[in-house]
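Listed below are the residues making up each chain.
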Amino acid sequence: MSGHHVTTTINGDSVEFVCEPQESLLDVLRNHLGLTGAKEGCGTGDCGACSIELDGRLVCSCLVLGAEAEGRKIRTIEGMAKGDKLHPLQKKFLEHAALQCGICTPGFLVAARALLERTPNPTETQVRYWLAGNLCRCTGYDKIVRAVLATAVEMKQEKRHAA
Amino acid sequence: MPLEGDIAQRKTTFKQIGTRPIRPDGVDKVTGRARFGADASAPGMLIGKVLRSPHAHARIRKINTAKAEALAGVKAVVTRDDFKDRNDALRDVLVNCMARDKALYDGHAVAAVAATTAAIADKALKLIVVDYEVLPHVTDVDEAMKPGAPILDKTMFTNNVEPKPTKPSNVASRCEFALGDIKAGFAKADVVVERSFKTEATHQGYIEPHACLANLGPDGQGEIWVCTQGHYMIRNTCADLLGLDISKLRVTASEIGGGFGGKTTVFIEPVALALSRKSGRPVKMVMTRNEVFRATGPTSSTSMRIKVGTTRDGRITAAEADLRYQGGAFPGSPVELGAMTAFACYDLENVKAVGYDVITNRPKQAAYRAPGAPMAAFAVESVIDELAKKIRMDPVDFRLKNAAKQGTKSAYGPTFGPIGLIQTLEAIKAHPNYRAPLGPNQGRGLASGFWFNFAGQTCTTLNVNLDGTVALAVGTPDIGGSRASMCLMAAEELGIGYEQVRTIVADTSSLGYNDVTDGSRVTFASGLATIMAAREVIKKMCARAAKTWGISADAVTWEDGQAKPAGSNAGNFKPMSFKEIAAASHSTGGPLAGHHEINADGAGVSFATHLCDVEVDPETGYTRVLRYTIAQDAGKAIHPSYVEGQFQGGAAQGIGWALNEEYIYGKDGRLQNAGFLDYRIPVASDCPMIDTIIVEVANPKHPYGVRGVGETSIVPPMGAIANAVSAAIGVRMLELPMSPPRIVHALDSRLKKAAD
Amino acid sequence: MARVMLGGTLKSLAGNTPVLEVDAKTIREVLDRVGEVYPSLLPILDRVAVAVDGQIYRNQWFAAVKPDSEVFILPPMAGG
């Protein structure tokens, strides 16, 4: 068994690890690096619970090999809050009760952030289709969609205040 | 019982109940810090994996594990020989966790290994040689009941039929609930509709696969970390199956990533403990999604016949149901609950519901949200809808005219106390959704539903800290925000801030036994125990204040979070706040704590009515849900956001059950869609906003009026959606799911019929 | 005398009996009387649910039964 030595950046920190060739990036994050915020709901890219960003692209980390992380920039749920300051999406998810069991929540938050960074003023339909790759079995999506839309409004207002 | 008197102390005005504070576990869950089943690890940990039967039905002649055991890195292999056989009620549970003489379904566990890495464990599974004698199988409920069907268990003779059967059968038992005389009732009917229905099995579809970390030493002492709806259930069942003392097994419930009834039993936990005991190392087991679908507990598939008769002016004269539910390879399908709930929404003089519990070569069903009720409700509500159309009566009015209310003798026997079905119907009728204009290919449907709600064994401890904050320990895993509700109830009772209470789910060694988080029981039962524990603390605090003031304890009252002299006769003392009494507690008699244990009853039956509009594409058979509105009786909503969430979540699961989700078995008896790609649960773009109306008809058995809310919400959706789809396409849909191929087929048959 | 009725499976187990009149002050006493009359029910009587005047109890031996109570003995029930 020969491992791959990988150097990568996770949430701004330089990280090195050794992984087996068949190990997914999700396995590496969870089992080697202790970053268990990304969850495995299916292992086949269908549920989105393992969503992360790889060089700014939203991906299912269960479909990426650990070895592919070499030289890339990774963002996970663990890097979303800045110190003790929650990201506006995290705050709105709490205010809107947009989670029940919470297993899908990290994936939804990472996916929703990727949406708002590309589309700051999404319509309800845009939110629903963008998040269609993330499964939630508890909420019926109503409160999740509302939380994302409310975040967009708030972030726009904050931007206006800053300007 | 003291309970009655205490509940008489009912509260109807609230400071905090009904507000929407942020849940105490919220920040952990939005930052990725919350630890779920698969998020734990231990030094020296091995990875456990299960070898599963590829056959739907096969005799296991021999299992050879020698090669697997010899593989470097493999530390233990277990098979049926490592679990002592038994003859009691737990035998089916044991056999479901590890097959004995036969593999009874595709995915049935046959052996398990623990190895130093997942890759080695996978390799070891391939080295286990199982000698199978493949047997004929049956997976369909109607096929399984036919004479000549492959028999799963030659020792099973149908219970409760006369004369006693002389031949074994796949029908485990028959049950019947009846009132009045249905023959006479149908004779009085002007219009009778009789229809047959089928529903496919669906899975709870929790996003978190089953996971546990087990550690069992040679001294018989052990621990498990596990995602479950009931860690005491895990403890008691595993201790029994492995021959351990209950006290020696400590179970900690992780955060749980959904359950919906599917995590109310054991699957991998006894296996992980056996592997740990054999290897002397901690063993972690995490199911794959494929395993979750093939080898946990989906709900029953069903076949049903419903007959209902009404007078022209809309009074139902008789109702009859034949229900056949297959519950997988073991008896215990929820058909009896289906028979009890089928007509519970109606005030009927003549009613009869018969149920058959059938076994097939499928995984052993587990509870799924109001187990047994949704299928029967789909069938009954479809017939009710058709009758309303036939007599040209508004479907809400038809239901109102026959609705169960306080004093109605329910179809399953007991007489209803205060219930809110009529209020839910009236709320739906008044909602703008009921009058929204419909376009071409669009249809509207509604349906009502009922669930009992249960309470059960509950035990709660409330500890007061020196700074006036409170640590509340409950024993019911929090599956959808219940810690927030517990904090609210404790804070309300004690007159302190919500933020001052921290609720945790205690492990099995720290708190007395608690039933599983099921039956919509937690906010009711753990809430009741929390309120009682808080009242005990208040009593003690009043006594401490009395001692401090040198007056008698009954001269002190509690008001707004303060102990006060009861009147001017008691003396003139400055009230002592919760915080002050807490701060002085170490000098006034020691730590302050309240505790309550109860076998709670009276969770309060609950009714809901759902309304939905759909549009069906006649070319593809694709159905889009346009609008969805729910009215449900919650008794009293403690945290309305999470009550709404329960309503909405049930509706979304119902949308999946109605339109897409189904277990598809091949001719070989193997599950063909064991993954989220092919077993498609609703995604955000499949759902509209789901409007909710919380009806509050107080439950007299709870101090705040709470009723369970978790399960009722999945009872009406299939009927509501089926009625909407049938209205949109002009063909009555009789099978679930109403997937595009089934709708296209229904439309083609209608065209063919028209052409003929 | 409280009127006791059997529901579902229990009814057939007991041979489709009609109403039973029993002299009992608690659920435990009701169950004991029913067990005496229908020994075929004994294996299941510890797990049944019992509705007294519309209120469903599970495992509540000491819940009160009044002389005019209507008691339904129902099969074991659980939710999800």
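Residues numbered from 1 in each chain as written. Chains lettered and ligands numbered in written order. Predicted model: local features only at pLDDT ≥ 70, side-chain atom pairs only at ≥ 80, totals over all residues. Heavy atoms only, no water.

Caption draft 1: Fine view of the overall build of chain A. What chain A contains, in helices and strands, is 5 helices and 5 strands. If you list the helices and strands of chain A from N to C, you get β-β-α-β-β-β-α-α-α-α. Seen through its principal axes, chain A has C-alpha atoms that stretch 50 × 35 × 25 Å. Across the 163 residues in chain A, those meeting the buried criterion constitute 56%. A sequence separation of at least 24 residues applies to 56% of the contacts in chain A between residues at least 6 apart. Total accessible area computed for chain A in this model is approximately 6800 Å², and 51% of it derives from carbon and sulfur atoms. In chain A, 19 side chains carry a positive charge and 19 a negative one; their mean positions are 10 Å apart. (Helix = DSSP H or I, 4+ residues; strand = E, 2+ residues; numbered from the N terminus. Buried < 20%, exposed > 50% of the residue type's maximum accessible area, 1.4 Å probe, protein only. Contact = heavy atoms within 4.5 Å. Areas by Shrake-Rupley, 256 points an atom, 1.4 Å probe, with all protein chains shown as cover. Lys, Arg positive; Asp, Glu negative; His and termini not counted. Charge placed at Lys NZ, Arg CZ, Asp CG, Glu CD.)

Caption draft 2: Region of the structure containing the domain arrangement of chain A. All names here are of chain A. Along its sequence, chain A is organised into domain 1 (4-79) and domain 2 (88-162). Facing 16 residues of domain 1, the contacting portion of domain 2 comprises 15 residues. Surface buried jointly by domain 1 and domain 2 totals about 1200 Å² across both partners, of which 54% is contributed by carbon and sulfur atoms. When the area that domain 1 buries against domain 2 is broken down by residue, the three leading residues are Leu58, Arg75 and Ile77, summing to 39%. Scanning the region where domain 1 abuts domain 2 turns up 2 salt bridges. Residue Arg113 is joined to Glu53 by a salt bridge in which the shortest nitrogen-to-oxygen separation is 3.9 Å. Counting across the interface, domain 1 meets domain 2 through 6 residue pairs in polar contact (both at pLDDT 80 or more). Top contributing element to the side of domain 1 that touches domain 2 by residue count: strand β3 (residues 51-54), with 3 residues. (Domains from an automatic or database assignment. Buried area = accessible area lost by both parts, 1.4 Å probe. Salt bridge = Lys/Arg side-chain N within 4 Å of Asp/Glu carboxyl O. Polar contact = N/O pair within 3.5 Å; in protein donor to acceptor, adjacent residues only side chain to side chain.)

Caption draft 3: Structural context of the environment of Gly257 of chain B. Among the structural elements, Gly257 of chain B can be located in the loop between β11 (249-253) and α9 (269-279). The buried category is assigned to Gly257 of chain B, whose relative accessible area is 1%. Through-space distance from the C-alpha of Gly257 of chain B to that of Pro43 of chain B is 24 Å; in sequence the pair is 214 residues apart. Not counting residues within four places of it along the chain, the set of residues in contact with Gly257 of chain B comprises Cys101 and Ile103 of chain A together with Phe36, Tyr206, Ile207, Glu208 and Lys263 of chain B.

Caption draft 4: Representation of the interface of chain A and chain B within the structure. With 43 residues of chain A at the contact, the number on the chain B side is 52 residues. Taken together, both faces of the contact between chain A and chain B bury some 3900 Å²; the carbon and sulfur share is 60%. Interface area lost by chain A to chain B is led by Leu94, Gln100 and Arg137 of chain A, which between them contribute 22%. Across the contact surface, chain A and chain B share 4 salt bridges. We note a salt bridge from Lys39 of chain A to Asp39 of chain B, for which the minimum N-O separation is 2.4 Å. The interface formed by chain A and chain B contains 21 residue pairs in polar contact (both at pLDDT 80 or more).

Caption draft 5: Geometry of the interface of chain B and chain C. Taken together, the contact pairs 34 residues of chain B with 21 residues of chain C. Here chain B and chain C share an interface that buries about 2200 Å² over both sides, 53% of which is from carbon and sulfur atoms. Looking only at chain B, the three residues that lose the most surface to chain C are Asn160, Phe454 and Asp601 of chain B, adding up to 24% of its buried area. Between the two partners, chain B and chain C, sit 1 salt bridge. Note that Lys409 of chain B and Glu70 of chain C form a salt bridge whose closest N and O atoms lie 3.6 Å from each other. Between the two partners, chain B and chain C, sit 9 residue pairs in polar contact (both at pLDDT 80 or more). Of all the elements, strand β7 (residues 171-179) of chain B adds the most residues to the side of chain B that touches chain C, at 4 residues. Across the side of chain B that touches chain C, the residue classes break down as 15 nonpolar, 10 polar and 9 charged. (Nonpolar A, V, L, I, M, F, W, Y, C, P; charged D, E, K, R; others polar.)

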